[in-house]
Amino acid sequence: MLFLQRLAAAATNFSPTQHRLALRTSSSSTSIFEPKISTFEPAPDSPNPLIIHQFPCLNDNYGFIVHSPATQETAAIDSPCAASYLSILSKKNYTLTHIFNTHHHDDHMGGNDGLLKSFPSAKLLGPVECKPKKGLLASASRIFSKDYDATSPSELKSSTLDDVTIAGGHVEPFGNTSVYVLDTPGHTLHHVSLYFPGVGACFVGDTIFSLGCGRMFEGNPKMFLESIERVKMLPDDTLLFCAHEYTQNNGEFATWAEPDNELLLQRYEEVKELRQASQPTVPTTLKLEKDTNPFLRTGERSIQEGLGNKWQENHKIFALLREKKDGWDS
């Protein structure tokens, strides 16, 4: 519980709402490797200034670069495509100092090698499943933490690896603030999310999507729902930077799961308008997801009754939702 107490204190003591991130600029793409960039910055008087650049990668991924003007540190959050990251790093004249991976899938760490070849002193951080493949540049810094969150699934606590590993409970200094690592397994067994309390931002990888959640490739429903509940402990105004643009498809399913949710119906219409105009629907806010995302609403009577399982445990409702969403996408 010590880590959760530190996390709560960080969320309370860091910058208030007026210092949190807002969309400041958006640029158009000029080539396949110079995608449209959405730039999020805090207010000029923020005590914890960080700049976040979001840009599309591959087919439907988002890439993220976080920069600290105070220390000139720059982090890649996942690495779907090295070329897109390198283009933006060059354009902004940033030196990459950190690479954070949320999980081991190729569309989240496939660009690591290319980034490390250009920035061999960058610090590489990720969960145990992201152990570098043989031949990865040995000069990359390594981080290992056994300081697991007391609420983490017990099977994660037995992990041992002396290479490139972080897990829930790890706090990584970055800029003049810190990154708090949350265990969020379910999509994969060792998936993590990265919370920047100084600017009220959380990079949730494939755990939570706007109006949805990731497929359950390796975990189980109870594990996955516990991960979502862990994210739900963050402040309501936390910006969730999801790793894929799936919102319109997710919204179609969500309106089926909860057809009488007026806020959801309104949001779905807004999402369709944004996508028609080729605009991103990410980031979202935790509060908005709590109000409209069925996978964050498994305890709501409207969701349970719609599935015909009013008195089921929440993780069983989650399992039913995920099963139906899998069939929806097939």
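As shown above, the structure is provided for reference.
Quick caveat, the model's predicted, so the values are computed rather than measured. Every chain's residues receive numbers from 1 upward, in the order its sequence appears when written. Only residues with pLDDT of at least 70 get local features here, since the model is predicted, and only at 80 or more are side-chain atom pairs given and counted; chain-wide, interface and lining totals rely on the full set of residues. To get the side-chain values, take all heavy atoms of the structure and skip hydrogens and water.

Draft legend 1. Main features of the overall build of the protein. Runs of H or I in DSSP of at least four residues are treated as helices and runs of E of at least two as strands, each being numbered from the N terminus. Scanning the protein from terminus to terminus reveals 10 helices and 16 strands. In the protein, which comprises 330 residues, the share counted as buried stands at 55%. Whether two residues are in contact is decided by their heavy atoms: any pair within 4.5 Å suffices. Here the contacts in the protein between residues at least 6 apart in sequence split such that 60% fall between residues at least 24 apart. Per-residue and other accessible areas were derived by the Shrake-Rupley procedure at a 1.4 Å probe size, with only the shown protein chains allowed to occlude residues. Total accessible area on the protein is roughly 13,700 Å²; 50% of this is exposed by carbon and sulfur atoms. Under the scheme applied here, a residue whose accessible area is under 20% of the maximum for its type counts as buried, over 50% as exposed, and between as partly exposed, the area being computed with a 1.4 Å probe on protein chains only.

Draft legend 2. Structural view of the pattern of salt bridges. Counted as salt bridges are all cases of a side-chain nitrogen of Lys or Arg within 4 Å of a carboxyl oxygen of Asp or Glu. Enumeration over the complete set of coordinates arrives at 11 salt bridges. A salt bridge links Lys-232 to Glu-229, with the shortest nitrogen-to-oxygen separation between them at 3.4 Å. In this pair, Lys-232 and Glu-229 both sit in helix H5 (residues 221–232), three residues apart, roughly one turn of the helix. Looking at Lys-232, the relative accessible area reads 19%, which means it is buried. Across the pair Glu-313 and Lys-316 runs a salt bridge, and its minimum N-O distance is 3.5 Å. Each member of the salt-bridge network shares a partner with another, and the members are Arg-215, Arg-322 and Asp-326.

Draft legend 3. Quick peek at the sheet that holds strand S10 (residues 177–183). We call two strands paired when DSSP finds no fewer than two bridges between them. Strand order in the open sheet formed by six strands is S9-S10-S11-S12-S15-S16, with mixed pairing between adjacent strands. Looking at the sheet topology across the chains shown, the edges are occupied by strand S9 (171–174) and strand S16 (284–285).

Draft legend 4. Expanded view of helix H10 (residues 314–329). What a helix should span is 1.5 Å times the count of its residues minus one. The end-to-end C-alpha separation of H10 is 22 Å, in line with the 22 Å expected for 16 residues at 1.5 Å each. When we look at burial in H10, the residues that qualify are Ile-317, Phe-318, Leu-321, Arg-322 and Lys-325. Each buried residue of H10 sits inside an arc of 135 degrees when the element is viewed along its axis, so together they form one side. In this context, the arc is that of the directions from the helix axis out to the C-beta atoms.

In short, geometric facts, not functional conclusions.
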